[in-house]
Amino acid sequence: MKRSHQNLRNCCLLSICFFFFLGDLQADSFKEEVDSLIARLRSLRNTDVQYERKSDWSRLSSRFQTMLKTMPMGDSKSRAMFHYAVVEREIGERAQDSEKLRLSAELFEKMSTADTQHELADDALHSAYLIYRDLLHEEASVARIKNDFSDVFPRSELIFLLDTNEAGVEGKRRHSSQKNRGDSEKPLIFLDPGHGGEDEGAVGVSGIREKDLVLTLAKLVEKELIKSGCCRVALSREYDAFIPLFERTALANRLGAELFVSLHVNAHEENAAKARGFEVYYVSNESNPKAIELVSRENRQMQETQGFGVQTFLSELYWRGAIEISKPFAHKMYSTLRKKLPKESDGMEIVGRGVHSAPFFVLFGAEMPAVLLELFFATHPDDAFLLSTPQFRNQLAQAIVQGIQEELTE
Ligand SMILES: [Zn+2]
C-alpha cells in the first residue's frame, strides 16, 4: 500500500515535471515566432511611415491575433500581446482609425493587468495612457489611469512622465516641438534621449532601464538650458516613444540644430561587477574592438531592420567632415564632464573612461557637431545607484549643459 502510494506520488511528480517541461518547450517554440514578428514590426515601422504597405500591416496584425489564441500564459504571450497592441496603434495612427486606436489601448491595458510583474507591464499601461490622452482625447480614461498608475507600479520611472506635455507638433511621429520658438536668433540644441517605446536599451540593476533614465536626464538638461537663456532646445522624443534612428538626425538637420547630443546609459553583462563610468563618443567609420559590442547594442534597432553594412552608404568625404567637426566637441564635452562632476559621490567613485569613436547609426548623417554620451553603467551597482539619485542626476545634467555652453562660445 505504502509502496503504491509512493509510486503514485512519483508518478504525479513526474507528470508535473513533464507538464512544466512541456510548458517550457511550448513557450520556447513561441518565443522564436514572437521574436520574428517583433523584428517584422520594427522593420515596417522604420520603413513604412506613409502607410503604403497596408497589406503587410494587416497580415502582421492577423498573425499576432492567431498566435495569441493558442499561446499559454508566460513571457512570450505577454510580449506578443504588447506588440500586437503596438501594431494596432501604428495602424490606427497611420490610417487615422479611432477604432484601431481604442482596440490598441484596450490591449495594452489588458496586457498590463494580466501580467503585472512583466517588465513591459508598466510600459503597456503608459502606452494606453498616451493613446487616450494624445490620440483619442478621452479625459475620463486619462484620469482613471493616472489615478491608478502609482498604485499598480509604485517603482516605475514612467510615473514621472505622466505629467509631461502632449505630443509635439508632428503629431504621430511624436517629435518634440522647439522650445523658445520666438527666439529664432538663438542657436538650437538637439537632445536625443536614446531608445524608447519597445526599444528599452540597457536594462540594469533592479530593473532600471536606459530608455527611462535618458529621458529623465534629457528633460533636466533641457530645463537647465532654457533657464540659462543660451539657446533653444528640441528633443527627439518627449516621452516613451519609438523613433527610428535615422529620423533623429534627419529632424535635427531639418530644424537646423547647432549641436546634436545623444544620451545613453551603458551596460556590460559579462563584466557587470567591474565595468563602470562615463564616456563620450563621436562618429567614425572605424572602431576599436572594445567598442564593437557597444555599437552592436546601440545599433540593434537598425540592424534588425536594415541589415546593411556600416560603410556602405556614406562617402569618405562625409566621414572626414563628421570627424573633423565632432571630435573637438567630444573632447570638450568629456573634459567638462570630468571637471564638473565630483571625483566621488556618496562614497562612490565617479569613473571617466575617456573619448572614443565608433560607427553609431544614430549619429550618421548629422550635419552639425554630434556626440553620443554613454552615461555610466546600468549594470554596475554603484553606477546604477548614482543614476537613481536625483541630486546626482542634477549634477550630471548641469555638467552636460556646461559642456554644451562651452562648445557654443567657442
Ligand atoms: Zn543606448
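(A) Examining the overall build of the protein more closely. What the protein contains, in helices and strands, is 13 helices and 8 strands. Per-residue burial for the protein yields a buried fraction of 40% across its 410 residues. For the protein, contacts bridging at least 24 residues in sequence account for 76% of all contacts bridging at least 6.

(B) Examining unusual backbone geometry more closely. Of note, Q96 is a non-glycine position whose phi angle comes to about 50°, a positive value. Within the secondary structure, Q96 sits in the loop between α3 (75-95) and α4 (98-114). Accessibility expressed as a C-beta count within 10 Å gives 12 for Q96, which makes it exposed.

(C) Looking closely at the sheet that holds strand β4 (residues 278-283). One open sheet accounts for 6 strands, arranged β2-β1-β3-β8-β4-β7; its pairing is mixed. Pairing within the sheet leaves two strands with one partner each, and these edge strands are β2 (232-235) and β7 (352-358). Strand-to-strand twist in this sheet, taken as the mean axis angle between neighbours without regard to direction, amounts to 20°. Alignment of strand β3 (residues 259-266) against strand β8 (residues 370-377), held across 6 bridges, turns out to be parallel. From the neighbouring strand, F260 faces β8, where its bridge partner is A370. The sheet strands contacting helix α7 (residues 210-228) are β1 (188-193), β2, β3 and β8, and the helix crosses β3 at an angle near 145°. Along the sheet, helix α8 (residues 245-255) makes contact with β1, β2 and β3, crossing β1 at roughly 170°.

(D) Focus on helix α5 (residues 121-135). Look at α5: 21 Å from first C-alpha to last across 15 residues, which is about the 21 Å you get at 1.5 Å a residue. With respect to burial, α5 is a largely interior element, 13 of its 15 residues being buried.

(E) Spatial organisation of the nonpolar core. If you look at the biggest cluster of nonpolar residues, it comprises 98 residues, and the most contacted ones within it are I189 and V371. No other element matches α5, which puts 9 residues into this core. Residue assignment places this core across two domains, with domain 1 (23-161) and domain 2 (176-408) each supplying three or more. With residues up to four places along the chain from it excluded, the contact list for V371 reads V261, V280, Y281, Y282, S326, F329, A330 and M333.

(F) Geometry of the environment of D123. By the element assignment, D123 lies in helix α5. Classification of D123 as buried rests on a count of 25 C-beta atoms within 10 Å. Expressed as a C-alpha distance, the spacing of D123 and G197, which sit 74 residues apart in the sequence, is 7.7 Å.

(G) Here's a closer look at the confidence of the model for the protein. Counting all residues, the mean pLDDT for the protein is 83, and 83% of those residues have values of 70 or more. Below pLDDT 50 for its whole length, residues 1-25 participates in 1 contact with residues either more than four positions away or in separate chains. Confidence drops under pLDDT 50 across residues 304-311; counting only partners more than four residues distant or on other chains, this segment forms 10 contacts.

(H) Seen up close, the packing of α7 against helix α13 (residues 390-408). Close contact between α7 and α13 brings their axes to 9 Å; oriented N to C, the two are set at 55°. On the basis of the axis angle, α7 is oblique to α13. With respect to the hand of their crossing, α7 and α13 are arranged in right-handed fashion. In this structure, α7 contributes T216, L217, L220, V221, E224, L225 and S228 to the contact, and α13 contributes R393, N394, L396, A397, Q398, I400, V401, I404 and Q405.

(I) Broad picture of α3. Compared with the 30 Å implied by 1.5 Å per residue over 21 residues, the 30 Å span of α3 between its first and last C-alpha is a close match. At the C-terminal side of α3, Q96 shows a positive phi close to 50°.

(J) Quick peek at the pairing of β4. With 6 of 6 residues buried, β4 is to be regarded as a mostly interior element. Side-chain alternation along β4 places F278, V280 and Y282 on one buried face and E279, Y281 and V283 on a second face that is also buried. Relative to β7, β4 runs parallel, the two sharing 5 bridges. By the bridge assignment for β7, Y282 is matched with S357. Across 4 bridges, the pairing between β4 and β8 is antiparallel. The residue of β8 that forms the bridge with Y281 is L372.

(K) Looking closely at the packing of helix α2 (residues 54-70) against α3. Packing of α2 against α3 brings their axes to within 10 Å, and their N-to-C directions diverge by 150°. Viewed along their axes, α2 and α3 adopt a mutual orientation that is roughly antiparallel. The two elements α2 and α3 meet at a crossing, and its hand is left-handed. Packed against α2, whose contacting residues are W57, L60, S61, F64, Q65, M67 and L68, the element α3 presents K77, A80, M81, H83, Y84, V87, E88 and I91 at the interface. A class-by-class count of the residues in the contact of α2 with α3 yields 10 nonpolar, 3 polar and 2 charged.

(L) Layout of the environment of A80. Inspection of the secondary structure puts A80 in helix α3. Residue contacts for A80: discarding those within four places in its chain leaves V34, F64, M67, L68 and M71.

What counts, and at which threshold
All residue numbers refer to position in the chain's written sequence, counted from 1. Local features in this predicted model are restricted to residues whose pLDDT is 70 or higher, and side-chain atom pairs enter the listing and the counts only when it is 80 or higher, whereas totals over whole chains, interfaces and linings include all residues. For helices the rule is a DSSP run of H or I covering at least 4 residues; for strands it is a run of E covering at least 2, with both sets numbered from the N terminus onward. The exposure label follows from counting other C-beta atoms within 10 Å of a residue's C-beta, where the C-beta atoms are placed from the backbone and the thresholds are 20 or more for buried and 12 or fewer for exposed, leaving partly exposed in between. Here, residue contact means that the backbone-derived C-beta atoms of the two residues sit within 7 Å. In this scheme, strands are said to pair when DSSP sees at least two bridges between them. Each axis is a line fitted through C-alpha atoms, taken for helices only over the stretch in contact, and angles between the N-to-C directions span 0 to 180 degrees. By this rule the span expected of a helix is its residue count minus one, scaled by 1.5 Å. In these notes, a nonpolar core means any group of buried Ala, Val, Leu, Ile, Met, Phe, Trp, Tyr and Cys residues linked to one another through C-beta atoms within 7 Å. Bear in mind that the domain bounds are from an automatic or database domain assignment. pLDDT is a per-residue confidence score from the predictor, ranging from 0 to 100. These descriptions rest on fixed angle ranges, namely under 35 degrees for roughly parallel, over 145 for roughly antiparallel, 65 to 115 for roughly perpendicular, and the rest for oblique. Two helices crossing with the near one rotated counterclockwise from the far one by less than a right angle form a left-handed crossing, whereas a clockwise rotation gives a right-handed crossing. For this classification, the nonpolar set comprises Ala, Val, Leu, Ile, Met, Phe, Trp, Tyr, Cys and Pro, the charged set comprises Asp, Glu, Lys and Arg, and every other residue, Gly included, is treated as polar.

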